[in-house]
Amino acid sequence: MLTCSDSRVVPELIFGGVTLGELFVARNAGNVVDTDVLGTIEYGTEHLHAPLIVVMGHKRCGAVSAACDVVAHGTKLDGSIGKMIQPILAVALAETDRGEAFIDKTVHANALNGAERILAESPIVARLVDEGKVKIVSAYYDLDTGVVEFMHKA
Ligand SMILES: [Zn+2]
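Residues numbered from 1 in each chain as written. Predicted model: local features only at pLDDT ≥ 70, side-chain atom pairs only at ≥ 80, totals over all residues. Heavy atoms only, no water.

(A) The arrangement of the coordination of the zinc ion in detail. Donor atoms from the polypeptide that coordinate the zinc ion comprise C4 (SG), H58 (NE2) and C61 (SG), at 2.0 to 2.3 Å from the metal. Mapping the donors of the zinc ion onto the primary sequence yields the spacing C-x53-H-x2-C. Of the residues examined, H58 reaches a relative accessible area of 0% and is grouped as buried. (Donors = N, O, S within 2.8 Å, 3.2 Å for Na, K, Ca; no water. Buried < 20%, exposed > 50% of the residue type's maximum accessible area, 1.4 Å probe, protein only.)

What follows is the structure, encoded as structure tokens:
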């Protein structure tokens with residue numbers, strides 16, 4: 001599972017009834033796919049035999065909001081945050097709706113993009129998917145309702 005570091009997005013709590021030894025989790029602000037995440041996912045699938053990869057974004061994500069602020073208002077981000085959110089910036093730039101739904105649409109697109117990038121950038125995961133041993137899905141967690149929506153690219 002790849003999800004955000006947000007303190008409200010704790011997969012072991014969200015998917016109630018999950019106990020020790022059940023989820024292999026990578027988290028960072030904005031659930032960004034990078035080398036560490038890809039290595040973690042490859043380890044979890046190839047060596048620990050996890051059958052499902054879930055890339056889960058969430059409502060009111062701060063990292064996605066920051067990327068949307070950069071795109072919409074030209075905000076500058078200091079330190080490593082600016083570098084870290086580069087993949088989210090690309091997703092936000094591709095979003096045509098810059099209105100009220102901009103952040104939420106970018107959260108959805110970022111989770112879909114993350115799943116696509118895992119498949120495109122990890123030959124190990126691509127092989128496991130081809131062999132039918134692993135599936136990849138994207139999801140959106142609504143902080144207000146507690147509902148997790150699983151998405152499929154149209
Ligand atoms: Zn977040």
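(B) Layout of the nonpolar core. Within the largest apolar cluster, 31 residues are counted, with the highest numbers of intra-cluster contacts made by I88 and I118. Broken down by element, this core gets its largest block of residues, six residues, from helix α6 (residues 102-121). Apart from the residues within four sequence positions on either side, I118 is in contact with V33, L38, I41, I53, V55, V125 and I136. One finds M1, I14, A139 and Y141 within the second-largest nonpolar core, a separate group that totals ten residues. (Core = buried A, V, L, I, M, F, W, Y, C linked by side-chain atoms within 4.5 Å. Helix = DSSP H or I, 4+ residues; strand = E, 2+ residues; numbered from the N terminus. Contact = heavy atoms within 4.5 Å.)

(C) Representation of the pairing of strand β4 (residues 135-141). Taking burial as the measure, the seven residues of β4 include five buried ones, the bulk of the element. When strand β3 (residues 52-58) meets β4, the two strands line up parallel, connected through seven bridges. Considered in β4, the bridge of G57 is made with Y140. Pairing of β4 with strand β5 (residues 148-151), which is carried by four bridges, proceeds in the antiparallel orientation. Bridge pairing in β5 links Y140 to E149. The turn joining β4 and β5, which pair antiparallel and follow one another in sequence, is formed by six residues; a positive phi near 80° is taken by G146. (Pairing = 2+ DSSP bridges.)

(D) Looking closely at helix α5 (residues 86-94). Among the residues of α5, those classed as buried are I88, L89, V91 and A92. One side of α5 holds all its buried residues, which, seen down the axis, span an arc of 165°. Seen from the buried face of α5, the exposed residues on the opposite side, beyond 90 degrees, are A90, L93 and A94. For α5, the secondary structure elements touched by its buried residues are α3 (62-73) and α6. (Arc of directions from axis to C-beta.)

(E) Here's a closer look at the environment of T96. Checked against the element boundaries, T96 lands in the loop between α5 and α6. As for T96 and G16, which are separated by 80 residues in sequence, their C-alpha atoms are 36 Å apart.

(F) Up close: the packing of α5 against α6. Contact geometry for α5 and α6: axes closest at 9 Å, N-to-C directions at 120°. Considering their axes alone, α5 and α6 lie oblique with respect to each other. Where α5 crosses over α6, the two elements pack in a sense that is right-handed. Between α5 and α6, the residues in contact are P87, I88, V91 and A92 and F102, T106, A109, N110, N113 and R117, respectively. Tallied by class, the residues present in the contact of α5 with α6 amount to six nonpolar, three polar and one charged. (Axes fitted to C-alpha atoms, helices over the stretch in contact; angles between N-to-C directions. Parallel < 35°, antiparallel > 145°, perpendicular 65-115°, else oblique. Left-handed = near helix turned anticlockwise from the far one by under 90°. Nonpolar A, V, L, I, M, F, W, Y, C, P; charged D, E, K, R; others polar.)

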